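Chain residues, written in single-letter form:
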Amino acid sequence: MDESVEVLCEKQGEAGLITLNRPKALNALTLTMVREMRRALDSWAQDPAVTRVVVQGAGEKAFCAGGDIRQLTEDLKAGRREEALAFWREEYQLNIRIKRYPKPYISLIDGICMGGGVGVSLHGTYRVAGDRYLFAMPEVGIGFFPDVGATYALPRLPGQTGMYLALAGERVKRADAMMLGLATHAVPSGNIAGLRDGLIGGDAVEAALARVATDSDEAPLEDQRELIDSCFSAGSVVEILKRLDAAAERGSEFAAKTAAGMRLKSPTSMCLAFEQVRRGASMDFEDAMRTEFRIVSRIGDGHDFHEGVRAVLIDKDNRPAWQPASLKGVEKAAIEHHFADLGDRELEIG
């Protein structure tokens, strides 16, 4: 497959088939890919010959590992602010299009699905999880925040699991994804090509999925649900950590590991993510996406996003120097500022 074409959007049989085609970059999204996907989806929505959309990632490692974050931070550093914001604006508008799409939208996820990859799959009708499925929203570890509709989706996961995923940034394999509702069908990797061919051939979508789906394994997170709900229902990130520490003292290895991991994340990003999930519970999808565009329009003005990308993706020393360095130093007004109305720069819907 020619990797110079970043995304392939083609009609095959009854399907509009989208292939994210940057396997060496783990199919990370670019603005070109976002625009081409939107163009294809708009066209297929009006095309009676297309009865469903199927999305897949090229290669065996990833469905889509996110947006091209390095390029976005380079744009911001170089003063190309509007170029960076154009990516997020159009990506979020694409997320809305997928959420409201009038035809079945099936994502075939057999590998890494993070960040932007979540945005082009989670809001569709069906999420098929192969054996290699791996989900995460790890943004607080690079000084960013869980976006692409996480403001809406995470508060609607069972109990406090959405708050846990937002603040801990932990990776989730298929069994947990099925338990949480992040995936709709567990399908052996060897059956995914056949499923895709059946969908292209016009097989009834529900029947095609049922034919190859298997029962999911026992979900490891199920055993921690009570602890997650107890700790992550607290009224602040500081209080969540206190509850995790107390559970760790009572012998919970899970609580100790979770607390230790959180203490490595950006304090500002965790406070932003906490507010997102708390507020997002009462928002509709469009309001959630407007909120995320408000946050992303401001997060590049701060220190932590640039520092996190440097430490994790560029220098790879994994030793970010967050500012402020602790949760106590995060000012409430600074968090509130990220959620403020943008006036004539608000995200346009529709």
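Our structure is the block above this text.
Residues numbered from 1 in each chain as written. Predicted model: local features only at pLDDT ≥ 70, side-chain atom pairs only at ≥ 80, totals over all residues. Heavy atoms only, no water.

The next point concerns the overall build of the protein chain. Along its length, the protein chain carries 16 helices and 10 strands. The C-alpha radius of gyration of the protein chain comes to 20 Å, within 12% of the 20 Å expected for a compact globule of 350 residues. Over its C-alpha atoms, taken along the principal directions, the protein chain stretches across nearly 55 × 50 × 40 Å. For the protein chain, buried positions account for 56% of its 350 residues. Restricting the contact set of the protein chain to residue pairs at least 6 apart, pairs at least 24 apart contribute 72%. Of the accessible surface of the protein chain, which amounts to about 14,800 Å², a share of 47% is contributed by carbon and sulfur atoms. For the protein chain, the distance from the average position of its 43 positive side-chain charges to the average position of its 52 negative side-chain charges is 2 Å. (Helix = DSSP H or I, 4+ residues; strand = E, 2+ residues; numbered from the N terminus. Rg over C-alpha atoms; globule rule 2.2 N^0.38 Å. Buried < 20%, exposed > 50% of the residue type's maximum accessible area, 1.4 Å probe, protein only. Contact = heavy atoms within 4.5 Å. Areas by Shrake-Rupley, 256 points an atom, 1.4 Å probe, with all protein chains shown as cover. Lys, Arg positive; Asp, Glu negative; His and termini not counted. Charge placed at Lys NZ, Arg CZ, Asp CG, Glu CD.)

Our next topic: a negative patch on the surface. There is a patch of like negative charges on the surface, built from D217, E218, E222 and D223. Examined against the element boundaries, D223 turns out to sit in the loop between α9 (205-212) and α10 (225-231). (Patch = residues over 30% accessible without salt bridge, like charges linked within 9 Å, V, L, I, M, F, W, Y side chains within 5 Å. Salt bridge = Lys/Arg side-chain N within 4 Å of Asp/Glu carboxyl O.)

Time to look at the packing of helix α6 (residues 161-168) against helix α13 (residues 267-280). Contact geometry of α6 with α13 gives a least axis separation of 9 Å together with a crossing angle of 160°. Of the possible angle classes, the one that applies to α6 and α13 is roughly antiparallel. Here α6 and α13 pass one another in a crossing that is right-handed. Of the residues in α13, those touching α6 at G162, M163, A166 and L167 are M270, A273, F274, V277 and R278. Its residues placed into classes, the contact of α6 with α13 shows 7 nonpolar, 1 polar and 1 charged. (Axes fitted to C-alpha atoms, helices over the stretch in contact; angles between N-to-C directions. Parallel < 35°, antiparallel > 145°, perpendicular 65-115°, else oblique. Left-handed = near helix turned anticlockwise from the far one by under 90°. Nonpolar A, V, L, I, M, F, W, Y, C, P; charged D, E, K, R; others polar.)

These figures capture arrangement, not role.
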